[in-house]
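Okay, here's what each chain looks like letter by letter:
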Amino acid sequence: METKNVAIHPSWNEVLKDEFTKPYFQKLREFLVEEKKQFKVYPPGKHIFSAFNHTPWDKLKVVIIGQDPYHGPGQANGLCFSVSDAVQKPPSLKNIFKEIEADLGIPIPHGGDLAPWAEQGILLLNATLTVRANHPGSHQKKGWEEFTDEVIKKISDQKKGIVFILWGKYAQTKEVLINTNKHFILKAAHPSPLAGGKFFGCKHFSVTNKLLEHNLILPIDWRIEK
């Protein structure tokens, strides 16, 4: 994050500009400045708002909610569940690709960068947008959740027919922020191996496309390698 300006797509800046001047966000900014003086923080500053920069407000179709960025070197790229192609795929991402293969017959890709999804209108939103290296959860309750909750509420209030994909108990706590009369909610266990494989069989990828097509919206091409 820049210390004076927030590097975020203009369409989102218009929607969220009031948030950046609120006291909680100023405290968050100050916390990050001090944190970066002492520790390595992921993702790099230019990638903190990647989810918004890859998915402009007017292209938004789907929201996938994660919790924290990956905390290992080179992993976090600002999109939840995503890693750069040169980085080994984490277990949750491997399971996501296994489910896509079972659901749609799409081969498991070599890389794990989900930018092609984001560019089609999927907001890959972590609840917390930064983390201290090797310390999962270290930037929770510093202000990010207040910001991302506001993002979800604004999408719920100002959009219609968005597919919200909530994997795991944490993501499902965000359901209270969403108007279920206007939007679609898909819930399943978290793709982490710790969930005991309960994620498999959710078919959220084909179901998402059916919902979009029902609303005459172009479906998602879930392949990340053409």
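That block above? That's the structure.
What counts as what
Counting restarts for each chain, with residues numbered from 1 along the sequence as it is written. The predicted origin of the model limits local features to residues at a pLDDT of at least 70 and limits the giving and counting of side-chain atom pairs to 80 or more, whereas totals for whole chains, interfaces and linings rest on all residues. Note that water and hydrogens are dropped before the side-chain values are worked out from all heavy atoms of the structure. Every helix listed is a DSSP run of H or I at least four residues long, and every strand listed is a run of E at least two residues long, numbered separately from the N terminus. By definition in these notes, contact holds between two residues if any of their heavy atoms fall within 4.5 Å. Here, axes are lines fitted to C-alpha atoms. For helices the fit covers the stretch in contact, and angles between N-to-C directions go from 0 to 180 degrees. An angle counts as roughly parallel when it lies under 35 degrees, as roughly antiparallel when it exceeds 145, as roughly perpendicular when it falls between 65 and 115, and as oblique in every other case. Take the far helix as your reference; a near helix turned counterclockwise from it by less than a right angle gives a left-handed crossing, and one turned clockwise gives a right-handed crossing. When residues are grouped by polarity, Ala, Val, Leu, Ile, Met, Phe, Trp, Tyr, Cys and Pro land in nonpolar, Asp, Glu, Lys and Arg in charged, and all others, Gly among them, in polar. A pair of strands is treated as paired once DSSP finds two or more bridges between them. With a 1.4 Å probe rolled over the protein chains alone, any residue whose accessible area is under 20% of its type maximum counts as buried; one over 50% counts as exposed, and the rest are partly exposed.

Draft legend 1. Examining the side chain of T128 more closely. For T128, the position within the fold is in the loop between strand 3 (122-126) and strand 4 (131-132). Apart from the residues lying within four places of it in its own chain, the contact partners of T128 are Q67, D68, P69, H139, Q140, W144 and E145.

Draft legend 2. How the structure looks around the packing of helix 2 (residues 23-38) against helix 6 (residues 144-158). With their axes 9 Å apart at the nearest point, helix 2 and helix 6 run at an angle of 130° to one another. On the basis of their axis angle, the class for helix 2 and helix 6 is oblique. Relative to helix 6, helix 2 is oriented so that their crossing is left-handed. Each of Y24, F25, L28 and L32 in helix 2 lies in contact with helix 6, whose residues at this interface are W144, E146 and F147. Tallied by class, the residues present in the contact of helix 2 with helix 6 amount to six nonpolar, no polar and one charged.

Draft legend 3. Expanded view of the sheet that holds strand 6 (residues 184-188). Taken in spatial order, the four strands make up an open sheet running 3-2-5-6, and their pairing is parallel. Of all the strands in the sheet, just strand 3 and strand 6 have a single pairing partner and so form its edges. Averaged over all adjacent pairs, the angle separating strand axes in this sheet is 20°, with direction ignored. Two strands pair when backbone bridges link them, and strand 5 (residues 163-167) and strand 6 are joined in this way by five bridges, in the parallel orientation. Following the sheet pairing, I165 is matched in strand 6 by L186.

Draft legend 4. Inspection of the environment of A127 at higher detail. The topology assignment puts A127 in the loop between strand 3 and strand 4. Of the residues examined, A127 reaches a relative accessible area of 3% and is grouped as buried. For the pair A127 and A171, spaced 44 residues apart in sequence, the C-alpha separation works out to 8.5 Å. With near-sequence residues (within four places) excluded, A127 lies in contact with G66, Q67, W144, E145, T148, Y170 and K174.

Draft legend 5. Examining unusual backbone geometry more closely. Between Y42 and the following residue, P43, the backbone shows a cis peptide bond with an omega angle of -10°. Non-glycine residue N134 carries a positive phi angle of around 65°. By the secondary structure assignment, N134 is in the loop between strand 4 and helix 6. Unlike most non-glycine residues, L216 shows phi in positive territory, near 60°. Within the element layout of this structure, L216 appears in the segment after helix 8 (204-214). Owing to a relative accessible area of 80%, L216 belongs among the exposed residues under this scheme.

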